[in-house]
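Remarks on the overall topology
For reference, the chains in residue letters:
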Amino acid sequence: MRISGVYAITNRSTARSYIGSSANVIERWRDHLSRLRHGHHRNESLQAEWSAWGEAAFMWTLLELVDIGHDARVDRE
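These remarks concern the structure in this document. (Residues numbered from 1 in each chain as written. Predicted model: local features only at pLDDT ≥ 70, side-chain atom pairs only at ≥ 80, totals over all residues. Heavy atoms only, no water.)

1. Observations regarding the environment of Leu65
On the secondary structure map, Leu65 appears in strand S3 (residues 58-65). Each C-alpha atom of the pair Leu65 and Val6 lies 6.6 Å from the other, and the pair is 59 residues apart in sequence. The contact partners of Leu65, leaving out residues within four places of it in the chain, are Ile3, Ser4 and Gly5. (Helix = DSSP H or I, 4+ residues; strand = E, 2+ residues; numbered from the N terminus. Contact = heavy atoms within 4.5 Å.)

2. Overview of helix H1 (residues 25-37)
The terminal C-alpha atoms of H1 lie 18 Å apart, and with 13 residues this matches the ideal 18 Å at 1.5 Å per residue to within 8%. Buried residues along H1 sit against strand S1 (5-11), strand S2 (17-22), helix H2 (44-53) and S3. Phi for Gly39, located one or two positions after H1, is positive at around 75°. (Expected span 1.5 Å × (residues − 1).)

3. Overview of the pattern of salt bridges
Tallied over the entire structure, the rule returns five salt bridges. When the shortest N-O distance is used, the salt bridge between Arg30 and Glu27 registers 3.5 Å. In this pair, Arg30 and Glu27 are both assigned in helix H1, three residues apart and thus about one turn of the helix distant. Taking the shortest distance from any N to any O, the salt bridge between Glu55 and Arg37 comes out at 2.7 Å. Residue Glu55 is located in the loop between H2 and S3, and its partner Arg37 is located in helix H1; the two are separated by 18 residues in the primary sequence. Residue classification places Glu55 among the partly exposed positions, given a relative accessible area of 35%. Bridged by salt links that share partners, the residues Arg28, Asp31 and Arg35 form one connected network. (Salt bridge = Lys/Arg side-chain N within 4 Å of Asp/Glu carboxyl O. Buried < 20%, exposed > 50% of the residue type's maximum accessible area, 1.4 Å probe, protein only.)

4. Examining the packing of aromatic side chains
In the structure shown here, the tally under the stated rule is three aromatic pairs. Judged by centre distance (5.0 Å) and plane angle (35°), the ring pair of Trp50 and Phe58 falls under tilted. As far as burial versus exposure is concerned, Trp50 and Phe58 are alike and both buried. (Phe/Tyr/Trp six-rings, centres within 6.5 Å; stacked < 30°, edge-to-face > 60°.)

5. Description of H2
Inspection of H2 places Leu46, Gln47, Glu49 and Trp50 among the buried residues, and these make up the whole buried set. When H2 is viewed along its axis, its buried side chains cluster within an angular range of 165° and face the same direction. Residues of H2 that are exposed and angled more than 90 degrees away from the buried face: Glu44, Ser51 and Ala52. Along its buried surface, H2 packs onto S1, S2, H1 and S3. Among the residues of H2, the N-terminal cap falls to Asn43, whose side-chain oxygen and the backbone nitrogen of Ser45 are separated by 3.2 Å. (Arc of directions from axis to C-beta. Polar contact = N/O pair within 3.5 Å; in protein donor to acceptor, adjacent residues only side chain to side chain.)

Okay, here's the thing in C-alpha cells:
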C-alpha cells in the first residue's frame, strides 16, 4: 500500500522535528530508519540528535495525507 503525504520525525526529548514528504511515506520511513541506525543520514542535525538521544527518543507522525503530485506535496511540507 502506498500512502502519499507529509510526515515528521520528532525527538520527544527536545521537541525538534524533521519534516518531509513522500509519495510512499512507509517506504521513506524505512529508508530514514535504516540510514539513521547506520549513522549515514543526509541531514546532519537529525543524525546528530539520533546518535545523542537514541532511537527510543524519536517518534514518526503522519501529518497529512496528500493525494497530489510532487510539487504540491512539497508545498504542503
